[in-house]
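Examining the three-dimensional arrangement
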Amino acid sequence: MTLRSAESSDGTEGAEAQWEAGGAVTESSEAQRLDFAMRELRCSGWYWGNMSVAEAKERLQDTSEGTFLVRDSSHSEYLLTISVKTSAGPTNLRIEFQDGKFRLDSIICVRSRLRQFESVVHLIEYYVLMCRDRRTLSEIPSNGTVHLYLNKPLYHSTQSLQHHCRIAINRYTNEIQELPLPTRIKDFLKEYRYQV
């Protein structure tokens, strides 16, 4: 997917700039949602930015199954890719951004049944929590298929204690505003409302 700003006749971007995504023109609110989602993703610590398939494979090679990272997609029609370690080695899943929503890439007959999310972090959190709920130690693929689990992010740098505390608090409550904390700390907690 390519995003490109429509310029006004004087060569500057207008305040109500429209964006072209795969040929369809959408309102600037879609671009704002994308911008917010990318800022939120950068906050996660497991977004690696511009990274090749080979680099992602090298990073994940010696990690445990289910370790993942998110990187820019090398495919021109997609923004992002999840690289994850499976029992067969590292593999990649593309993330689609369409009509202001994110979802995993899939074959056409399944695509409409996949959940869509406002942000990439929300998409990742959903699948991480789903994998935690469904995975059992005795579950082994019987027909040669490879199960895909997302359970442990690969951070590009050591995350701050504040960020780890924020994730831990998010695991236990959605009611940040009700916590007996100063407003400044509540604002920090609300900047990243995820468990991953």
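Above this text you will find the structure in question.
The numbering scheme is per chain: residues are counted from 1 as the chain's sequence reads. Given that the model is predicted, a residue must reach a pLDDT of at least 70 before its local features are reported, and side-chain atom pairs must reach 80 or more before they are shown or counted; all residues, however, enter totals for whole chains, interfaces and linings. No hydrogens and no water enter the side-chain calculation; it runs on all heavy atoms of the structure.

Attention now moves to the side chain of Thr-81. Helix and strand labels come from DSSP, where a helix needs a run of H or I of at least four residues and a strand needs a run of E of at least two; each type is numbered from the N terminus. Tracing the sequence through the fold places Thr-81 in strand E5 (residues 80-86). At a separation of 3.3 Å, a polar atom in the side chain of Thr-81 contacts the side chain of Ser-73. Throughout, a contact is declared for two residues whenever any of their heavy atoms are within 4.5 Å. Contact partners of Thr-81, with chain neighbours within four places excluded, come to Leu-69, Val-70, Arg-71, Asp-72, Ser-73, Asn-92, Leu-93, Arg-94 and Ile-95. Think of a polar contact as two N or O atoms within 3.5 Å of one another; within protein, one of them needs to be a possible hydrogen donor and the other a possible acceptor, and neighboring residues in sequence only count if both atoms come from side chains.

Think of a nonpolar core as a cluster: buried Ala, Val, Leu, Ile, Met, Phe, Trp, Tyr and Cys residues, connected wherever their side-chain atoms sit within 4.5 Å. Type-normalised accessible area, obtained with a 1.4 Å probe on protein chains alone, sets the label of each residue: buried when under 20%, exposed when over 50%, and partly exposed for intermediate values. Ranked by size, the top nonpolar core spans 28 residues in total, and within it Leu-41, Trp-46, Phe-68, Ile-82, Leu-123 and Ile-124 carry the most contacts. For this core, the elements supplying multiple residues, two or more each, are helix H1 (28-44), strand E4 (67-72), E5, strand E6 (89-98), strand E7 (101-104) and helix H4 (120-134). Element by element, the count of residues in this core is highest for H4, at six residues. Here Ile-82 is in contact with Phe-68, Leu-69, Val-70, Thr-91, Asn-92, Leu-93, Ile-95, Leu-104, Leu-123, Ile-124 and Leu-150, once residues within four sequence places are set aside. Formed by six residues, the second largest nonpolar core is a distinct cluster that contains Trp-48, Ala-56, Leu-69 and Leu-154.

Okay, the packing of aromatic side chains next. Between 30 and 60 degrees the pair is tilted, below 30 it is stacked and above 60 it is edge-to-face, where a pair is any two Phe, Tyr or Trp rings, Trp via its six-membered ring, whose centres lie within 6.5 Å. Following the criterion strictly, the structure yields six aromatic pairs and no others. On the basis of an interplanar angle of 70° and a centroid distance of 5.6 Å, the ring pair of Trp-46 and Phe-68 is categorised as edge-to-face. Placement of the pair is Trp-46 in the loop between H1 and helix H2 (53-60) and Phe-68 in strand E4, with a sequence separation of 22 residues. Between Phe-117 and Tyr-127 the ring centres are 6.2 Å apart and the planes differ by 70°, which places this aromatic pair in the edge-to-face class. Linking Phe-117 in the loop between helix H3 (108-111) and H4 with Tyr-127 in helix H4, this pair joins segments that are 10 residues apart in sequence. In terms of burial, Phe-117 and Tyr-127 fall into one category: buried. Through successive ring pairs, a cluster of aromatic residues spans Phe-117, Tyr-126 and Tyr-127. When the NZ atom of lysine or the CZ atom of arginine is within 6 Å of a ring's centre and also within 35 degrees of its normal, the charge is said to sit over that ring. Above the face of the Phe-188 ring, Arg-166 is positioned so that its terminal group lies 3.9 Å from the ring centre.

Moving on to the sheet that holds strand E8 (residues 152-153). In any sheet, the strands associate via hydrogen bonds between backbone groups, in a parallel or an antiparallel arrangement. With mixed pairing, the five strands of this open sheet are ordered in space as E7-E6-E5-E4-E8. The sheet is open, and its two edges are formed by E7 and E8, each paired on a single side. At least two bridges found by DSSP between two strands are what make those strands a pair. Pairing analysis gives two bridges linking E4 to E8, with the strands arranged parallel. Considered in E8, the bridge of Thr-67 is made with Lys-152. With axes taken as lines fitted to C-alpha atoms, and helix axes fitted only over the stretch in contact, angles between N-to-C directions fall between 0 and 180 degrees. The sheet strands contacting H2 are E4, E5 and E6, and the helix crosses E4 at an angle near 160°.

Of note, Arg-166 is situated in helix H5 (residues 161-172). What makes Arg-166 buried here is its relative accessible area of 4%. In contact with Arg-166, not counting residues within four places along its chain, are Phe-188, Leu-189, Glu-191 and Tyr-192. Only 2.9 Å separates the side chain of Arg-166 from the backbone oxygen of Phe-188, close enough to count as a polar contact.

Now for the environment of Leu-34. Within the fold, Leu-34 resides in helix H1. Judged by its relative accessible area of 8%, Leu-34 falls in the buried class. Measuring from C-alpha to C-alpha, the distance between Leu-34 and Phe-97 comes to 8.6 Å, with 63 residues separating the pair along the chain.

Here we take up the pattern of salt bridges. Take a side-chain nitrogen of Lys or Arg and a carboxyl oxygen of Asp or Glu: if they are within 4 Å of each other, that pair is a salt bridge. Using the criterion set out here, one finds five salt bridges in the structure. The shortest N-O distance in the salt bridge between Lys-101 and Glu-118 comes to 2.5 Å. Placement of the pair is Lys-101 in strand E7 and Glu-118 in the loop between H3 and H4, with a sequence separation of 17 residues. Looking at Lys-101, the relative accessible area reads 27%, which means it is partly exposed. Note on Glu-118: relative accessible area 39%, which makes it partly exposed.

Read these as geometric descriptors, not functional statements.
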